[in-house]
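Descriptive structure summary
Each chain, letter by letter, is given below.
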Amino acid sequence: MSQSHTGRRRPFTAPNSAKGNSKRHRDALRLQQHSTGHRSVHDIRVGLSTSSVYPMTVRECFDVAGRLGYDGVEVMITNNEETQDPELMRLLSRSSGLPVMAIHAPTLLFLPRVMHRDHWEKLRLTAQLAKDVGAETVVLHPPFRWQGDYARRFVPGVREIAQEIGVALAVENMYPWRAGIREVLVYSPDWDNTHQDYDDVTFDFSHASTAGVNALDAARTLFPRLRHVHLTDGSGSLTDEHLVPGRGRMPVAETLQYLARHDWSGDVVVEVNTRFVRKRSTRDVMLAESLAFARTHLGLDAG
């Protein structure tokens, strides 16, 4: 469903196929055999996203990540000043021994003016922040199709900024919005990053679940450009759930095992929704379970 360059107007909606696709993918996976006995020759790091502890602060995320044994932290930029403070991030990294593995750009719909009103300048500032704190990767969403030049020039523009600043800009898979029996195609060039000319990509299991995507097939297709994985899960519903991995219906275990067997060299970051959890002890259980899941299926517990 990539954008056409022939001058034809791209449709705004498409048939809603997510539910049927999800069931077909699950049925196919039941026939496959998988093993956790493989480990990549590369050191795959497992980090914790600040979005997994929201509305807790960046400081608290470093504390949680350190207590639970994570390898690093991904900071999602929001209107909270801590998420934009390179000096604070460097201090927390030094004191905890945990690196800032990635910076998530403020490209969400509800963050239009965070850092800068101009989308290109926002992306450039994010990339510079990542470089300043030692993060090699910026995670970003594709633009909305109404965002003018930013949407029209997104693919080459992302490449230019990555080369200019010297960090990887890994574009994340998204999902179509739903309107009854139709899918609303709001992203440009597409919510699906498997057929776009990006140098680096991020794969999110919850987004794939919402889109009805076969996660294992997507990982195979993206593998040469797959730099970053958001570890979570989904039940196949129409909402972006960000469940603890293993609590949904996605082939998360099988996909991590595939990456390990094929000597993948990227980073995995846990991005689960804990914002409705009342007790921090319950949140810790969810995040510890997510870390254990990652280490098991990436073969990191095999020695």
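Our subject is the structure listed above.
Overview of the structure. (Residues numbered from 1 in each chain as written. Predicted model: local features only at pLDDT ≥ 70, side-chain atom pairs only at ≥ 80, totals over all residues. Heavy atoms only, no water.)

Topic: the sheet that holds strand E6 (residues 168-172)
A barrel is described by the order of its strands in space; here eight strands give the closed sequence E2-E3-E4-E5-E6-E9-E10-E11, paired in parallel fashion. In this sheet, adjacent strand axes meet at a mean angle of 30 degrees when their direction is disregarded. Across three bridges, strand E4 (residues 100-104) lies against strand E5 (residues 137-140) in parallel orientation. Across the sheet, the residue bridging to His104 is Val139, located in E5. Its contacts with the sheet put helix H2 (residues 58-68) on strand E2 (45-49), strand E3 (72-76) and E4, and the angle it makes with E3 is roughly 155 degrees. Taken strand by strand, helix H6 (residues 154-165) contacts E5 and E6, and its axis lies near 150 degrees from that of E6. (Pairing = 2+ DSSP bridges. Helix = DSSP H or I, 4+ residues; strand = E, 2+ residues; numbered from the N terminus. Axes fitted to C-alpha atoms, helices over the stretch in contact; angles between N-to-C directions. Contact = heavy atoms within 4.5 Å.)

Examining the nonpolar core
Counting 72 residues, the largest nonpolar core has Leu48, Ile103, Leu123, Leu140 and Leu169 as its most contacted members. Take this core: its biggest share by element is six residues, from H6. In this structure, Leu123 is in contact with Ala105, Leu140, Tyr150, Val158, Ile161 and Leu169, ignoring residues within four places of it in sequence. Of all hydrophobic cores here, the second largest spans nine residues; its members include Phe144, Met174, Tyr175 and Val184. (Core = buried A, V, L, I, M, F, W, Y, C linked by side-chain atoms within 4.5 Å. Buried < 20%, exposed > 50% of the residue type's maximum accessible area, 1.4 Å probe, protein only.)

Re the pattern of salt bridges
All chains considered together, the criterion is met by 15 salt bridges. Here Arg247 and Glu289 are joined by a salt bridge, their closest N and O atoms 2.6 Å apart. Taken together, the positions of Arg247 in the loop between strand E10 (226-231) and helix H9 (252-261) and Glu289 in helix H10 (residues 280-297) put the pair 42 residues apart, joining distant regions of the chain. (Salt bridge = Lys/Arg side-chain N within 4 Å of Asp/Glu carboxyl O.)

Looking at the packing of aromatic side chains
Applying the stated rule across the entire model yields nine aromatic pairs. With 4.8 Å between their ring centres and 80 degrees between their planes, Trp120 and Tyr150 make a pair best called edge-to-face. Pair noted here: Trp120 is in helix H4 (residues 119-132) and Tyr150 is in helix H5 (residues 148-152), with a separation of 30 residues, a long-range link. Per residue, the accessibility class of Trp120 equals that of Tyr150, and both read buried. (Phe/Tyr/Trp six-rings, centres within 6.5 Å; stacked < 30°, edge-to-face > 60°.)

What to know about the pairing of E3
By the criterion of burial, E3 is predominantly enclosed, with five of the five residues buried. Of the two faces of E3, both are covered, the one formed by Gly72, Glu74 and Met76 as well as the one formed by Val73 and Val75. Examined bridge by bridge, E2 and E3 share three bridges and lie parallel to one another. Bridge pairing links Gly47 to Gly72 in E3. Once you follow E2 into H2 and on to E3, the crossover reads as right-handed. Strand direction decides the pairing type here: E3 and E4, joined by four bridges, are parallel. What sits directly across from Val73, in E4, is Val100. (Right-handed = clockwise from strand over helix to strand, strands pointing away.)

Let's talk about the packing of H9 against H10
For the pair H9 and H10, the least separation of the axes is 8 Å and the interaxial angle reads 45 degrees. Between H9 and H10, the crossing angle belongs to the class labelled oblique. Contacts between H9 and H10 involve Val252, Ala253, Leu256, Gln257 and Ala260 on the former and, on the latter, Phe293, Ala294 and His297. Across the contact of H9 with H10, the residue classes tally to six nonpolar, two polar and no charged. (Parallel < 35°, antiparallel > 145°, perpendicular 65-115°, else oblique. Nonpolar A, V, L, I, M, F, W, Y, C, P; charged D, E, K, R; others polar.)

What to know about the side chain of His228
Tracing the backbone through its elements, the reader meets His228 in strand E10. A relative accessible area of 0% places His228 in the buried class. At 2.7 Å, the side chain of His228 and the side chain of Glu74 are in polar contact. When sequence neighbours within four positions are dropped, the list of residues in contact with His228 reads Glu74, Ala102, Thr137, Val139, Val201, Thr202, Phe203, Trp264, Asp267 and Val269. (Polar contact = N/O pair within 3.5 Å; in protein donor to acceptor, adjacent residues only side chain to side chain.)

Focus on unusual backbone geometry
Here Tyr54 and Pro55 are connected by a cis peptide whose omega angle stands at 10 degrees. For Pro55, the location among the structural elements is in the loop between E2 and H2. Going from Ser188 to Pro189, the amide bond is cis rather than trans, its omega being 0 degrees. A positive phi angle, close to 75 degrees, is found at Met115, a residue other than glycine. Here Met115 shows up in the loop between E4 and H4. Residue classification places Met115 among the partly exposed residues on the basis of a relative accessible area of 25%. Even without being glycine, His242 reaches a positive phi, approximately 55 degrees. Counting through the fold element by element, His242 comes out in the loop between E10 and H9. Overall, the relative accessible area of 11% leaves His242 in the buried class.

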